[in-house]
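Breakdown of the fold
Take a look at the letters that make up each chain.
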Amino acid sequence: MKIIVTNTSSLPIYEQIASQIRNQIINGELSGGYLLPSIRALAKELQVSVITTKRAYEELEHEGFVQTIAGKGTYVSNQNIGFIHEQRLKDLEKKMRQVLQFADDLGLTNTEVHEMIDLLAKED
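Where an unreviewed UniProt entry is consulted, the chain appears under the name GntR family transcriptional regulator, with the organism given as Listeria weihenstephanensis.

Structural data, given as structure tokens:
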């Protein structure tokens, strides 16, 4: 498992960790049953707070990507990753509809919205 965190990102470190683990699960790099590093081990490896890694794992567990078994560790969930991915796409669509409604309220055209998205994507 490879995770890279940076202080220059606009995302909090726990979100960087969660996002990278989530992507590795969705892409099949981490399969169901894979034992993730302990919270303390990952914190030490990344040189971040234990609280930060704990928060990342909690977010992933809440989303259904991992499950923690007391005394044994945190494992990649055996749930259908395709289903989880589909749910996340639905969440994205909902947020995009909200953004489009907000843009419409501001009187922005679809072209202006696309230009904003393109600019923001280039920043990352």
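Now, onward.
It is worth spelling out the pattern of salt bridges at this point. Going through the model one piece at a time under the given rule, you end up with 3 salt bridges. Here Glu-59 ties to Arg-22 by a salt bridge, and the two come within 2.9 Å at their closest N and O atoms. Of this pair, Glu-59 sits in helix 3 (residues 50-62) while Arg-22 sits in helix 1 (residues 13-26); the two residues are 37 residues apart in sequence, bridging distant segments of the chain. Residue classification places Glu-59 among the partly exposed residues on the basis of a relative accessible area of 23%. The buried category is assigned to Arg-22, whose relative accessible area is 7%. A salt bridge links Lys-54 to Glu-58; its shortest N-O distance comes to 2.4 Å. Note that Lys-54 and Glu-58 are positioned in helix 3 at a spacing of 4 residues, about one turn of the helix. Using a relative accessible area of 39% as the deciding quantity, one classes Lys-54 as partly exposed. By relative accessible area, Glu-58 is classed as partly exposed at 41%.

The next point concerns the nonpolar core. Ile-17, Ile-21, Ile-25 and Leu-36 are the most contacted members of the largest nonpolar core, which totals 19 residues. The set of elements that each furnish at least two residues to this core consists of helix 1, helix 2 (39-46) and helix 3. In terms of residues, this core owes the most to one element, helix 1, which gives 5 residues. Here Ile-21 is in contact with Met-1, Ile-3, Leu-30, Leu-36, Tyr-57 and Leu-60, once residues within four sequence places are set aside.

What counts, and at which threshold
The numbers attached to residues start from 1 for each chain and follow its sequence in the written order. The model is predicted, so local features are restricted to residues of pLDDT at least 70 and side-chain atom pairs to those at 80 or more, both for listing and for counting; the totals for chains, interfaces and linings are taken over all residues. The basis for every side-chain value is the complete set of non-hydrogen atoms in the structure, without hydrogens or water. Any Lys or Arg side-chain nitrogen found within 4 Å of a carboxyl oxygen on Asp or Glu counts as a salt bridge. Helix and strand labels come from DSSP, where a helix needs a run of H or I of at least four residues and a strand needs a run of E of at least two; each type is numbered from the N terminus. Partly exposed residues are those whose accessible area sits between 20% and 50% of the maximum for their type, while under 20% is buried and over 50% is exposed, using a 1.4 Å probe and protein chains only. What we call a nonpolar core is a set of buried Ala, Val, Leu, Ile, Met, Phe, Trp, Tyr and Cys residues that are connected through their side-chain atoms within 4.5 Å. We call two residues in contact when some of their heavy atoms are within 4.5 Å.

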